[in-house]
Amino acid sequence: MTAIPTGTERTGRWVPDGPLDVAALLRPLRRGGGDPTLRRTDAGAWFAANTAAGPGTLRLRVAGGEVHSTAWGPGADVLLDGVPALLGAHDDDSGFEAHHPLIAEARRRSPGLRLGSTGRVWDVLLAAILEQKVTGHEAHRAWRDLARRFGERAPGPAELFVPPTPRAVLGIQDWEWHKAGVDGARRRTIIAAAQVADRLERAADLRGVEGRALLRKVPGIGVWTAAEVAQRAWGDPDAVSVGDYHIPGVVGHALVGRKLDDAGMLEVLAPYAPQRQRAVRYIEASGFRKPRFAPRFAPRDYRGM
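Every chain is numbered independently, its residues counted from 1 as its sequence is written. Selection of residues for local features in this predicted model requires a pLDDT of at least 70, selection of side-chain atom pairs for listing and counting requires 80 or more, and totals for whole chains, interfaces and linings are taken over all residues. For the side-chain quantities, the full set of heavy atoms in the structure was used; hydrogens and water were omitted.

**Considerations on the side chain of aspartate 236**
Phase 1: Strands are runs of DSSP state E lasting at least two residues, helices are runs of H or I lasting at least four, and both sets are numbered from the N terminus onward. Relative to the helices and strands, aspartate 236 is located in the loop between α13 (223–233) and α14 (247–255).
Phase 2: Polar contacts, as counted here, are pairs of nitrogen or oxygen atoms within 3.5 Å of one another; within protein the pair requires one atom able to donate a hydrogen and one able to accept it, and residues that are adjacent in sequence qualify only if both atoms are side-chain atoms. Here arginine 212 takes part through its side chain, which lies 3.1 Å from a polar atom of the side chain of aspartate 236.
Phase 3: A polar contact is formed between the side chain of aspartate 236 and the side chain of tryptophan 234, at a distance of 3.1 Å.
Phase 4: Among all residues touching aspartate 236, those that are not within four sequence positions of it are Leu115, Gly208, Arg212, Ala230, Gln231 and Gln277. Between two residues, a contact is recorded if the distance between any of their heavy atoms is within 4.5 Å.

Structure below.
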């Protein structure tokens with residue numbers, strides 16, 4: 001990535017070495033349609049984040065086979081330097097072999113599928129904890145509320161918000177958590193993580209099993225949450241979201257034609273180790289949808305309790 005200062009903003013250009021699907025790469029970072037930290041427009045994709053240097057905003061635009069990026073704020077240089085990794089340049093799929101026709105076809109049709117990495121833990125950890133044991137609707141509502149009320153206005157012209165920092169989270173009062181619809185269990189986990197947030201950033205350097213194990217030292221962070229963070233913070237190709245409400249069913253119906261539990265899912269995915277999460281991503285990229293046999297899980301509104 002070549003960075004060029006231009007007044008209050010900085011720009012960069014990066015040439016990927018193959019097909020690139022920016023929308024698919026950023027999709028795991030987007031928390032619902034109204035996410036105030038990430039947005040796609042005709043002018044490109046906009047992304048606000050916390051970095052070690054401070055908050056920053058990044059815009060990405062693909063033209064002529066090149067990725068053109070612009071960044072604002074104290075974290076601008078960090079975000080520009082991280083563009084290749086964010087867009088999967090460090091992802092290594094060598095050795096991956098499709099053992100099922102659906103995955104083989106998805107791999108053929110999605111040559112630009114890569115696993116990107118932000119290189120940072122806190123923002124994705126906060127979002128993952130909010131998604132513990134609730135519907136996506138509940139989690140995304142809480143994410144929007146917390147970002148807009150306790151996150152900073154993002155630098156630059158995008159009118160986004162940076163996710164709340166650990167310090168901001170530790171200043172949130174009980175009634176404010178309640179207003180955001182965050183129950184006590186998730187609140188305690190978020191606070192525990194915020195208290196050791198600096199140490200948890202090391203997980204992105206450790207990577208793999210060690211990185212996930214470090215995250216799980218925090219009370220309330222289990223296998224599912226650690227995997228969700230690993231997938232985004234360091235593009236972990238093997239971190240499957242065990243304990244997810246939907247994924248075992250999707251994997252089961254897609255690969256063997258029946259519903260599976262976590263143990264059954266891991267058994268079916270075993271031939272893909274150490275790239276089991278990559279196999280899951282190919283299933284998702286295929287557009288496969290499992291049959292619906294029951295009503296959707298009803299969201300709860302903790303704000304009125």
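**Comments concerning the pairing of strand β6 (residues 66–72)**
Phase 1: Burial here depends on accessible area, computed with a 1.4 Å probe over protein chains only, as a share of the maximum for the residue type. Under 20% is buried, over 50% is exposed, and the range in between is partly exposed. Among the seven residues of β6, five are classified as buried, and the element is accordingly described as predominantly covered.
Phase 2: Note: two strands are recorded as paired if DSSP finds a minimum of 2 bridges between them. In this structure, strand β2 (residues 9–14) lies alongside β6, joined through six bridges in antiparallel fashion. Residue pairing across strands places glycine 12 opposite serine 69, the latter belonging to β6.
Phase 3: Pairing of strand β5 (residues 54–63) with β6 involves seven bridges; the strand directions are antiparallel. Paired with arginine 59 across the bridge in β6 is threonine 70.
Phase 4: Between β5 and β6, which pair antiparallel and follow one another directly, the connecting turn spans two residues, one of which, glycine 64, has a positive phi of 60°.

**Here we look at helix α12 (residues 208–215)**
Phase 1: Those residues of α12 not exposed but buried are Gly211, Arg212, Leu214 and Leu215. Axial view of α12: buried residues confined to an arc of 155°, hence all on one face. Turned more than 90 degrees from where α12 packs its buried face, Val209 and Glu210 sit exposed.
Phase 2: Where α12 is buried, its residues contact α10 (197–200), α11 (203–206) and α13. In this description, one arc is meant: the one made by directions from the helix axis to the C-beta atoms.

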